[in-house]
Amino acid sequence: MMDLSAYRDIFIEELNDQLERMDQSLLALELTPSVELVQTLFRAAHTIKGSASTMDFRELSDLTHEVEYALEWVREKKPEMTSELIDTLFRSLDAMKVLRDQYIRGEAYADFRAVVREIKDLIQTPAVVGQLKVPQLQPAESVMAQVAIVSGKQLLSLHIVLEQKCMMKAARYHILRQRIEDICGTVVATSLMESQPGAQNEDDHYGQFIIIVATSKDPQQLKTELSSDSDIHRLEIDPYLLESNEVAATSAPLELISETEQTKPSLPTVNTTGPDEKVKAAQPTVRVNVERLDHLMNLVGELLIDQTSLADLSGSGARKESATLIQSISGVSDHMGRVIKELQEGVMKTRMLPIDQLFSRFPRLVRDLSQKLGKDLELVIQGGETELDRMIIEELSDPLIHLIRNSADHGIESAEIRAENGKPFKGRITLTSFHEENHVVIRYSDDGKGIDGEKIKASALGKGIISEEQAARLTTQEAVHLIFEPGFSTASSVSEVSGRGVGMDIVRSQIGRLNGIIDIDTEVGVGTTFTIRLPLTLAIIKGLLVKVSGRVLILPMYNVAEIVRISPEDIQMIQGQQAILNHGRIVPFHRLCDRLNYPRTDRKSKTIPLVIVRSVDKIAAYAVDEIIGNQEVVIKTLGTYLGAMNHLSGATILGNGKVALILDASYLVSL
């Protein structure tokens, strides 16, 4: 058998694209029915079916065949786009996504026969279906079917409806059955129309029938061969899946059918290096414009020229005067610096993806929430062309999903309340992204009821998250940020959507891991806006170099809110904890050497260099021995062999060849 593992990643990437295209087209079709959208859906389903069949992914191929048939029916019959039809197509699409995920993880496939039946029930008219039932195999027939499967054949269900004007339907049935057996090889079972009470013509008993066959022929080829018969009004060919009781009823010999083969769903063929090795997950990929790759190749060519120049200078160095040699080396070095800077920017751009690849997932989520909560919701997306590092885009999905779910459930009022308050019937959620200096800003807002800081404070006090003394010190704006505390929720009851007190905590921790900052701007009765600021990439950052106990450490500049110098008298004791006043705000004060368990050094200066670190919604001030300056650094992971190093996000190599550790700001402010 041909090894298909080499094409696996390409198949998964193409599958993801086609499923995303179907999702977006279905959403658009629900809003504005059009022939073009149906055609787009049909082409995507046809592509998925073909590629899945090529990869021997029969489960997905069979399910997509049903979806394709349903879309063909929509294309030909042009029925009204009812909510029932759209919901059925969405459920079919969800089933396809589940199969994709199981394929990637190497798991056994879920049984989606209920989805298949739902599709069939939707597109078949009662006049066609009649009293015809799909045959349930007897034990002997089950044995025959499973032997055929073991030998590499597939089971197909042929549903044939004869023309009403066809004479001698019984004779025609027997002729067709024999012809099908000649073409396919094995007829496993048949099912005829049930006789209707008081029926005068027994020949109508053969008006339509189902024949189960075991064959190696392609279904489309078989359909082409049989469709030429003028007495056939309608022909449907579908995969036939054995019911569990049909498998259990078999008494086939063990040498023909092993117990494993009777019960285990078939998995795609994937090469493994050992019996216990799991199927590998798809490797992450990024599509890169060819022009960008050509530009990178040209830059590498210039570096090779500079390398040749340096080699020539090295060889002729002894014959040249020192001043001339230094000038030549300086010129080559300057050119290499410019090329490397441009190469760095080019490589960063190859990691960039438009954030629309993330935002495009949310219209479906908002649609489902709208139906589940009984609220009319609208999602507006702006700035989808803004580019961001692929790794950050992947990590952003969960925080934004939690924001949307909480907003839909808690933030946006019901239609009745909105009408009473003079608001539009439809609640609006807006997602906007744009560049701001060296950051990407994502702004999420809704026009709901807003967040009442006093209610948040009272709820946190009742849940024991804060003490009465802490509550008295909190301003209304500071109280709003309590929604990020673990276990906090204002929901009166737990629902399918939210209310368990875990969502907003995930938002804060995830944004913190991305070196991001989140702000809340809210007004009661008007709405809420979350502003998230993120670095463009996590691979190369601008870092602030500081010296602590003789060691050089790096803090990401994204998290440095301010650098100040204070005198020892500025440090105050507030409720048993050292703190400083910064622009009227109380900020916890720590010595970085104490936090990292480094020995203290003698301070010669009368002032203390202070770095105010901010992550998400928290802030802290850290005293250091010396501020060295800032520079761009390449982050290197520390690996797993060092164990848990929560205070570090990585390391880098400085220009002098020494290693400097990069501190995790989110960990520092949480202490």
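Provided above is the structure to which this section pertains.
Residues numbered from 1 in each chain as written. Predicted model: local features only at pLDDT ≥ 70, side-chain atom pairs only at ≥ 80, totals over all residues. Heavy atoms only, no water.

**Some words on the overall build of the protein**
Under the convention used in this document: Per the convention used, a helix needs a DSSP run of H or I reaching at least four residues, while a strand needs a run of E reaching at least two, with both numbered from the N terminus. Burial status follows relative accessibility: with a 1.4 Å probe on protein chains alone, a residue under 20% of its type maximum counts as buried, one over 50% as exposed, and anything between as partly exposed. We call two residues contacting when some pair of their heavy atoms lies within 4.5 Å.
When you go through the protein residue by residue, the secondary structure sums to 23 helices and 22 strands. For the protein, buried positions account for 44% of its 671 residues. Long-range contacts, defined here as pairs at least 24 residues apart, represent 71% of the contacts in the protein between residues at least 6 apart.

**Concerning the sheet that holds strand S22 (residues 659-663)**
As a general point, the strands of a sheet are linked pairwise by backbone hydrogen bonds and lie either parallel or antiparallel. Rule in force here: Paired strands, in this sense, are two strands between which DSSP finds at least two bridges. The axes used here are C-alpha line fits, helices contributing only the stretch in contact, and every angle between their N-to-C directions lies in the interval 0 to 180 degrees.
On the basis of which strands lie adjacent, the open sheet formed by five strands has the order S20-S12-S13-S22-S21 and mixed pairing. Taken across any chain shown, the strands that pair with only one partner, and hence form the sheet edges, are strand S20 (626-634) and strand S21 (648-653). Taken over all neighbouring pairs, the strand axes of this sheet differ in orientation by 35° on average, direction set aside. Pairing geometry for strand S12 (residues 540-548) and strand S13 (residues 551-556), over six bridges, is antiparallel. Among the inter-strand pairings, valine 548 is bridged to a residue of S13, identified as arginine 551.

**Some points on the side chain of glutamine 208**
Put simply, the rule reads: Any pair of nitrogen or oxygen atoms within 3.5 Å is treated as a polar contact; in protein, a donor-acceptor pairing is required on top of that, and neighbouring residues in sequence qualify only through side-chain atoms on both sides.
Relative to the helices and strands, glutamine 208 is located in strand S3 (residues 208-215). Here the side chain of glutamine 208 touches histidine 159 through a polar contact of 2.7 Å, side chain to side chain.

**Things to note about the packing of helix H4 (residues 83-105) against helix H5 (residues 113-123)**
We apply this condition: Angle categories: roughly parallel below 35 degrees, roughly antiparallel above 145, roughly perpendicular from 65 to 115, and oblique for all the rest. Crossing handedness is read from the near helix: turned anticlockwise from the far helix by less than a right angle, it gives a left-handed crossing, and turned clockwise, a right-handed one. Charged means Asp, Glu, Lys or Arg here, nonpolar means Ala, Val, Leu, Ile, Met, Phe, Trp, Tyr, Cys or Pro, and polar covers whatever is left, Gly included.
Interaxial distance between H4 and H5 falls to 10 Å at its minimum, and their mutual angle equals 155°. One element, H4, and the other, H5, form an angle in the roughly antiparallel class. The two elements H4 and H5 cross, and the hand of that crossing is left-handed. Of the residues in H5, those in contact with Glu84, Leu85, Thr88, Arg91, Ser92 and Ala95 of H4 are Val115, Glu118, Ile119 and Leu122. In terms of residue class, the contact of H4 with H5 is built from five nonpolar, two polar and three charged.

**Comments concerning helix H16 (residues 390-411)**
We count it as follows: By this rule the span expected of a helix is its residue count minus one, scaled by 1.5 Å. The seven residues ending at a residue and the seven starting there each receive a fitted axis; the angle between those axes is the bend at that residue.
Its 22 residues place the ends of H16 30 Å apart at the C-alpha level, agreeing with the 32 Å of an ideal helix rising 1.5 Å per residue. The sharpest bend along H16 comes to roughly 35°, located at leucine 396, with the proline proline 399 sitting one to four residues further on. Taking the backbone nitrogen of methionine 391 as reference, a side-chain oxygen 2.8 Å away marks aspartate 389 as the first, capping residue of H16.

**Brief notes about the sheet that holds strand S16 (residues 577-582)**
Pairing in this open sheet of six strands is mixed, and the strands run S14-S18-S19-S17-S16-S15 from one edge to the other. The sheet terminates laterally at strand S14 (560-566) and strand S15 (572-574), the two strands that pair on one side only. Neighbour-to-neighbour, the strand axes of this sheet turn through a mean angle of 40°, independent of strand direction. Summarising the sheet, S14 and strand S18 (residues 608-615) pair through six bridges and their orientation is antiparallel. Across the sheet, glutamate 562 pairs through a bridge with isoleucine 612, a residue of S18.

**Observations concerning the packing of aromatic side chains**
Applicable threshold: The pairing test for Phe, Tyr and Trp rings, Trp by its six-membered ring, is centres within 6.5 Å, and the orientation test on the planes gives stacked under 30 degrees, edge-to-face over 60, and tilted for anything in between. We call a charge positioned over a ring when the NZ of a Lys or the CZ of an Arg lies within 6 Å of the ring centre and within 35 degrees of the ring normal.
Taken as a whole and judged by the stated rule, the model has seven aromatic pairs. Look at phenylalanine 11 and tyrosine 103: their rings are 5.5 Å apart centre to centre, the planes differ by 80°, and that puts the pair in the edge-to-face class. With phenylalanine 11 in helix H1 (residues 8-31) and tyrosine 103 in helix H4, this residue pair connects regions lying 92 residues apart in the sequence. Residue phenylalanine 11 is classed as buried on the basis of its relative accessible area, which comes to 5%. Judged by centre distance (6.4 Å) and plane angle (45°), the rings of tyrosine 444 and phenylalanine 530 are tilted. One end of the pair, tyrosine 444, is in strand S9 (residues 439-446); the other, phenylalanine 530, is in strand S11 (residues 527-535), and 86 residues separate them in sequence. Directly above the ring of phenylalanine 42 sits arginine 75, whose terminal nitrogen or CZ lies 4.0 Å from the centroid. Positioned above the aromatic ring of tyrosine 598, the side-chain terminus of arginine 551 is 4.2 Å from the ring centre.

**Section: the packing of helix H3 (residues 58-77) against H4**
Across the interface, H3 lies against H4 with an axial gap of 10 Å and an inter-helix angle of 160°. If you check the angle between H3 and H4, you find them roughly antiparallel. The hand of the H3/H4 crossing is left-handed. Of the residues in H4, those in contact with Glu59, Leu60, Leu63, Thr64, Val67, Ala70, Leu71 and Val74 of H3 are Leu85, Leu89, Ser92, Ala95, Met96 and Leu99. Grouping the amino acids of the contact of H3 with H4 by side-chain chemistry returns eleven nonpolar, two polar and one charged.

**A short note on a nonpolar patch on the surface**
Our working rule: What goes into a patch is any residue over 30% in relative accessible area without a salt bridge, connected to like charges within 9 Å or, for nonpolar side chains (Val, Leu, Ile, Met, Phe, Trp, Tyr), within 5 Å. Surface accessibility follows the Shrake-Rupley procedure with a 1.4 Å probe radius. Residue values consider only the protein chains on display as shielding. Between Lys or Arg on one side and Asp or Glu on the other, a salt bridge is scored when a side-chain nitrogen of the former is within 4 Å of a carboxyl oxygen of the latter.
Together, Met297, Val300 and Leu304 make up an exposed nonpolar region whose accessible area comes to about 290 Å². In this structure, leucine 304 sits in helix H12 (residues 290-316). Leucine 304 sits in the partly exposed class, given a relative accessible area of 49%.

**Focus: the pattern of salt bridges**
Applying the stated criterion across every chain yields a total of 25 salt bridges. Glutamate 181 is the partner of arginine 177 in a salt bridge, and the nearest nitrogen-oxygen pair spans 3.8 Å. With arginine 177 and glutamate 181 both in helix H8 (residues 169-184), this residue pair falls four residues apart, about one helical turn. For arginine 367, the salt bridge goes to aspartate 368, with nearest N and O atoms at 3.1 Å. Its relative accessible area of 9% is what places arginine 367 among the buried residues.

**Description of helix H15 (residues 362-373)**
Helix length check: H15, at twelve residues, gives a terminal C-alpha distance of 16 Å against a target of 16 Å (1.5 Å per residue), a fit within 8%. Taken residue by residue, H15 has Phe362, Arg364, Leu365, Val366, Arg367, Leu369 and Ser370 as its buried positions. Turning to H15, the residues buried within the fold contact H1, H4, helix H14 (356-359), strand S6 (377-382), H16 and strand S8 (427-436). Note on H15: the residue one or two positions beyond its end, glycine 374, has a positive phi of about 70°.

**What to know about the pairing of strand S4 (residues 232-239)**
Note on strand geometry: in a regular strand, side chains alternate between the two faces of the sheet. For S4, a buried count of six out of eight residues is recorded, marking the element as mostly surrounded by other parts of the structure. The sheet contact formed by strand S1 (residues 154-162) and S4 spans seven bridges and is antiparallel. Considered in S4, the bridge of serine 157 is made with aspartate 238.

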